[in-house]
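A structural walkthrough
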Amino acid sequence: MFWVLFLLPAMVAAGFSCGRLCLAAVAAARPQPRTDDERGLSYYEAAFLAGGPYRVVDLTLISMHRARRLLLAHTGWATVVDPEGRDDLERSVLTAIGPGGQERIAAIRSGTAAADAVRVLADRLAGAGLAVPDAVRSGVSASVRTVRGAALLITALAFAALFMPGEQGTGRAEIAAWFALPLVLTLGCLAIARVEIHPYTRWASPDGQALLGGLDPADDPLTAVAVRGLRAVDDPQLRSALTSGRFAHRSQ
């Protein structure tokens, strides 16, 4: 019966991790305190709520390219045409490109997404109750990692219990059945989380999602990119330029 000593921590790990994930999911779904600001969303705000920082950068690059102040080549390089940015986000893009006037678009996206201008935009939307606060998003992601770790721990403990020498009176099938309970619980929580709060979690709060739903991207190319991502770009060369070298982050 020493295998029970392995089962107890497996049960505790499953209960703790799944409970933490449930609490984090509830916090993410809870409506955020809303200010009385009833104005509409700007392009940048819509892009952040729909796709996060990288969507904002994509929209900024496309806007500058359409205004012929930035040249985006299908090879994945950006060249500065007009070195004067019209707002903080455009100036962040120019800073990421550097004094040489040319840089790979993948590097520009990474540098601009971490810039203060994007952080200020995120804080403003969170303060207005339209975006999920970063702490809540981080809590959901950490909880998902905890459940994954619990599933791996339960699997390891199950193998240790199954192949422990000297066990008498309990068959391996019965031991496996006991360990299947916490394992199914953790894997079930991960499956539900992937469906309900994927991608851990949405950038927009319920109020922000409602505002996004009221936007009509049909007649405005920039609104279409903000809401739908790069799949709304009808120029194949421009789409190729923005997707070149992108592996870790996507905003489509």
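Residues numbered from 1 in each chain as written. Predicted model: local features only at pLDDT ≥ 70, side-chain atom pairs only at ≥ 80, totals over all residues. Heavy atoms only, no water.

1. With respect to the overall build of the protein
Put simply, the test is: What counts as a helix is a DSSP run of H or I of at least four residues, what counts as a strand is a run of E of at least two, and both are numbered from the N terminus. Buried means the residue's accessible area, taken with a 1.4 Å probe over protein chains only, is under 20% of the maximum for its type, while exposed means over 50%, and partly exposed covers the values in between. Residue contacts follow a heavy-atom distance rule, with two residues in contact if any of their heavy atoms lie within 4.5 Å.
Across its full length, the protein carries 11 helices and three strands. What you see in the protein, going N to C, is helices and strands ordered as α-α-α-β-β-α-β-α-α-α-α-α-α-α. When each of the 252 residues of the protein is scored for burial, the buried share is 42%. Pairs at least 24 residues apart make up 73% of the contacts formed inside the protein by residues separated by at least 6 positions.

2. A look at the sheet that holds strand E3 (residues 102-104)
Test applied: The criterion for strand pairing is that DSSP finds at least two bridges linking the strands in question. Fitted lines through C-alpha atoms serve as axes, helices being fitted only where they are in contact, and the angles separating the N-to-C directions of these axes extend from 0 to 180 degrees.
The three strands lie next to each other as E1-E2-E3, forming an open sheet whose pairing is antiparallel. The open sheet has two free edges, formed respectively by strand E1 (70-72) and E3, since each of these has just one partner strand. Looking at each pair of strands side by side, their axes are set apart by 20° on average, direction ignored. With three bridges connecting them, strand E2 (residues 77-80) and E3 associate as antiparallel partners. Looking at E3, one finds that Trp 77 is bridged to Arg 104.

3. A look at the packing of helix H3 (residues 53-66) against helix H4 (residues 88-97)
To keep it simple, the criterion reads: Every angle not falling under 35 degrees, over 145, or within 65 to 115 is termed oblique; those three ranges are roughly parallel, roughly antiparallel and roughly perpendicular. By the convention adopted, Pro, Cys, Tyr, Trp, Phe, Met, Ile, Leu, Val and Ala count as nonpolar, Lys, Arg, Asp and Glu as charged, and the other residues, Gly among them, as polar.
As a packed pair, H3 and H4 sit with axes 10 Å apart at the nearest point and diverge in direction by 90°. Taken together, the axes of H3 and H4 are roughly perpendicular relative to one another. Here Val 56, Thr 60, Leu 61, Ser 63 and Met 64 of H3 come into contact with H4, specifically with Leu 89, Glu 90, Val 93 and Leu 94. Taken together, the residues of the contact of H3 with H4 sort by class into six nonpolar, two polar and one charged.

4. Examining the packing of helix H2 (residues 43-51) against helix H6 (residues 116-127)
Where H2 meets H6, the closest approach of the two axes is 10 Å, and the angle between their N-to-C directions is 80°. Taken together, the axes of H2 and H6 lie roughly perpendicular to each other. Contacts between H2 and H6 pair Tyr 44, Glu 45, Phe 48 and Leu 49 from the former with Leu 121, Ala 122, Arg 124 and Leu 125 from the latter. When the residues that make up the contact of H2 with H6 are grouped by side-chain class, the tally is six nonpolar, no polar and two charged.

5. Quick word on the pattern of salt bridges
To keep it simple, the criterion reads: Should a side-chain nitrogen of Lys or Arg be within 4 Å of a carboxyl oxygen of Asp or Glu, the pair is scored as a salt bridge.
This model, assessed by the stated rule, comprises six salt bridges. The closest approach of N and O atoms between Glu 45 and Arg 124, which form a salt bridge, is 3.6 Å. Of this pair, Glu 45 sits in helix H2 while Arg 124 sits in helix H6; the two residues are 79 residues apart in sequence, bridging distant segments of the chain. By relative accessible area, which is 3% here, Glu 45 ends up buried. Arg 69 is the partner of Glu 90 in a salt bridge, and the nearest nitrogen-oxygen pair spans 2.7 Å. Note that Glu 90 is positioned in helix H4 and Arg 69 in the loop between H3 and E1, a separation of 21 residues in sequence. In terms of burial, Glu 90 and Arg 69 fall into one category: buried.

6. What about helix H5 (residues 105-113)?
To keep things clear, this is the line we draw: By arc we mean the arc of the directions from the helix axis to the C-beta atoms, nothing more.
Along H5, the residues classified as buried are Ile 105, Ile 108, Arg 109, Thr 112 and Ala 113. Burial along H5 is one-sided: seen end-on, the buried residues are contained in an arc of 115°.

7. Examining the confidence of the model for the protein
This is how it is decided: Values of pLDDT, ranging from 0 to 100, describe the predictor's confidence in every residue of the model.
Put simply, the protein has an average pLDDT of 86, and 89% of its residues get 70 or more. Here residues 247-252 scores under 50 on pLDDT; set against residues more than four positions off or in separate chains, the count is 16 contacts.

8. Some words on the packing of aromatic side chains
The criterion, for reference: Working definition: a ring pair exists when centres of Phe, Tyr or Trp rings (six-membered ring for Trp) sit within 6.5 Å. Plane angles under 30 degrees give stacked, over 60 give edge-to-face, the rest tilted.
As enumerated under the stated definition, the model contains two aromatic pairs in all. Look at Phe 48 and Trp 203: their rings are 5.4 Å apart centre to centre, the planes differ by 65°, and that puts the pair in the edge-to-face class. In this pair, Phe 48 sits in helix H2 while Trp 203 sits in the loop between helix H8 (172-196) and helix H9 (206-213), placing the two residues 155 residues apart along the sequence. Given a relative accessible area of 23%, Trp 203 falls into the partly exposed group. With centroids separated by 6.2 Å and ring planes inclined at 5°, the aromatic side chains of Phe 159 and Phe 163 adopt a geometry described as stacked.

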